[in-house]
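Notes for the structure review
Here is what each chain is made of, one letter per residue.
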Amino acid sequence: MSHETFLNEAAANGIGIVGFTDHDSLPSLSTVTHLRDLSRENPALPKWIVGIEMSSGLPKELGGQPYSGLHIVGIFVNPENQTLIDHCARSKQARIERMAEMVANLRRLGFSISEADCLLASEGESVGRPHIVRALGIHPSQSATSRPPVRPENQAVMAQLKERMRLAAQSDPALQERYQRILDEPTQEPYTLFLADGAFIPGVYVEYKYTLDMDSCVRLIREAGGLAILAHPCTCKSKIPLAMAEQMLAEGRFDGIEVVFGKERDAADRAAARDIAERLRTRMPPVVMGGGGDIHTLEGMREWSAAPWAQQTRGLLEALLAARPDLKTTWSSLAQSS
C-alpha cells in the first residue's frame, strides 16, 4: 500500500506515530517530500519517521553468517545516505534471487506459484516470505491492498502437508507442540511447515543470500544518523539469548531494544525485554525502548490496533526523545512541528 494510504488508515485506527521501516529498503526522497506535504496539509495525520529494518547477519563472534531471526530497526535514518542506499540495492537483488529459489522449491512440492506472483504480492516492498505466502493464495484473509486470488489447488497441497505433520506429531511430543501452535495460529502454517529454518519439511526455505554482520549493520545505521534498535528479540534468542543481548546493549552494540512486538504468546519475552531496558536506563547514553506492530497489510493494522499490548507503545517515542536529546529528527514529521 502507499505511504499516504498507510497514514490515513493509521489515523482511522487510532495510531499516532508511524515508522516507515520496510525490510532492507528506504523510502525515496520524492516519497519523503510527499509525506512532508501531506503533514503540512493535514496536521491531524499521524506523525512519521523514516527508517529501515535491516536483515542482519550474526555478530562475528558467532560466525557473522546470515540468520533470518536477527533484525535491526534503524529510525531517523537519512534516506540519502549513499552507503545505505547501495546496501539496500544489493539486498533487494539478493531477496529476489532468494525468493526465486524458494518458489522453485515450492513448485517441486506441488504448489502453483511463480516469481511474478510473489513480486505482484509484494506491491513494491522488498520481497520476502510474507509475500510468497500471499502469492500462494492459501490464506486469502491475510491480504495486501489488492486481495490475491484464492488458489484451491494450493490449499489442497497445504492440507496434505498439514496432515503429514499431524500424523508425525502423534509420536513426537515436541512436534505436537509445534503442530498445536499452527492450529492456534493458522497464519503460521506455511512457516512451521516449510518456510522457515528448521521447518517440518526441509529443503524449501532458503536463508538470506546477502547480509552484513550485526555490528556492521549497527554502524551503517548510525553513520546514516539513526538509532539502531534490536527488533523482536524473541526471534533471535536461540542464537542470541536475552542475557547475551543485555550484555551487547550494555557494551553499546545497540542503542535500544524493542519491548512491544509479536503475539500474545510473546508476553514473557516482552516483559523480559522491558526489564533489560529498565536495568540499563542509567547507562550513558541510555538504552532506549522501541516497539510497534510490524504491519504490512490493512488487516494487520486493524488487528494490531485492537491488540491489548499495542497500548504499551504509548509514550515510547516521548521517552526515547527525552533520553536522546542529541538525536536529529530531520527525517521525520517531528522536525516540521518542532
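As a convention, each chain's residues are numbered from 1 in the sequence order in which they are written. Given that this is a predicted model, residues contribute local features only at a pLDDT of at least 70 and side-chain atom pairs are listed and counted only at 80 or more, while totals for whole chains, interfaces and linings are drawn from all residues. With hydrogens and water excluded, all non-hydrogen atoms of the structure serve as input to the side-chain values.

1. Some details on the pattern of salt bridges
Condition: When a carboxyl oxygen of Asp or Glu lies within 4 Å of a side-chain nitrogen of Lys or Arg, that pair is called a salt bridge. Starting at the N terminus, helices and strands are each numbered in turn, a helix being any DSSP run of H or I of at least four residues and a strand any DSSP run of E of at least two. Throughout, exposure labels follow a simple rule: accessible area from a 1.4 Å probe, protein chains only, divided by the maximum for the residue type, with under 20% read as buried, over 50% as exposed, and the rest as partly exposed.
Evaluation of the coordinates by the stated rule reveals 16 salt bridges. Its salt-bridge partner being D37, residue R40 comes within 2.7 Å of it at the nearest N-O pair. Placement of the pair is R40 and D37 together in helix α2 (residues 29-41), with a separation of three residues, close to one helical turn. Since its relative accessible area comes to 30%, D37 is described here as partly exposed. Three or more residues joined by partner-sharing salt bridges are found here, namely E61, D215, E251 and R253.

2. Regarding the nonpolar core
The cut-off we apply is this: To qualify as a nonpolar core, a set must consist of buried Ala, Val, Leu, Ile, Met, Phe, Trp, Tyr and Cys residues joined through side-chain atoms within 4.5 Å. We call two residues in contact when some of their heavy atoms are within 4.5 Å.
One finds I72, V77, L84 and F254 to be the most contacted residues of the largest nonpolar core, which totals 56 residues. Residue contributions to this core peak at five residues, all from helix α9 (residues 214-223). Once residues lying within four places of it in the same chain are set aside, the contact partners of V77 are L26, V50, G51, I52, L84, I221, A224, G226 and W331. In this structure, I113, A135, L136 and L195 belong to the second largest nonpolar core, which totals 30 residues.

3. What about the packing of helix α4 (residues 115-122) against helix α5 (residues 129-136)?
Heads up, the condition is: Axis angles are defined between N-to-C directions and span 0 to 180 degrees, where every axis is a line fitted to C-alpha atoms and, for a helix, only to the segment in contact. Here the angle decides the label: under 35 degrees means roughly parallel, over 145 means roughly antiparallel, 65 to 115 means roughly perpendicular, and every other value means oblique. Take the far helix as your reference; a near helix turned counterclockwise from it by less than a right angle gives a left-handed crossing, and one turned clockwise gives a right-handed crossing. Only Asp, Glu, Lys and Arg are considered charged in this grouping, and only Ala, Val, Leu, Ile, Met, Phe, Trp, Tyr, Cys and Pro are considered nonpolar; every other residue, Gly among them, is considered polar.
Remark: α4 packs on α5, axes separated minimally by 8 Å, with the N-to-C direction vectors making an angle of 110 degrees. As summarised for this structure, α4 and α5 are arranged roughly perpendicular, according to the angle between their axes. Read as a crossing pair, α4 and α5 show a hand that is right-handed. Between α4 and α5, the residues in contact are D117, C118, A121 and S122 and H131, I132, R134 and A135, respectively. When the residues that make up the contact of α4 with α5 are grouped by side-chain class, the tally is four nonpolar, two polar and two charged.

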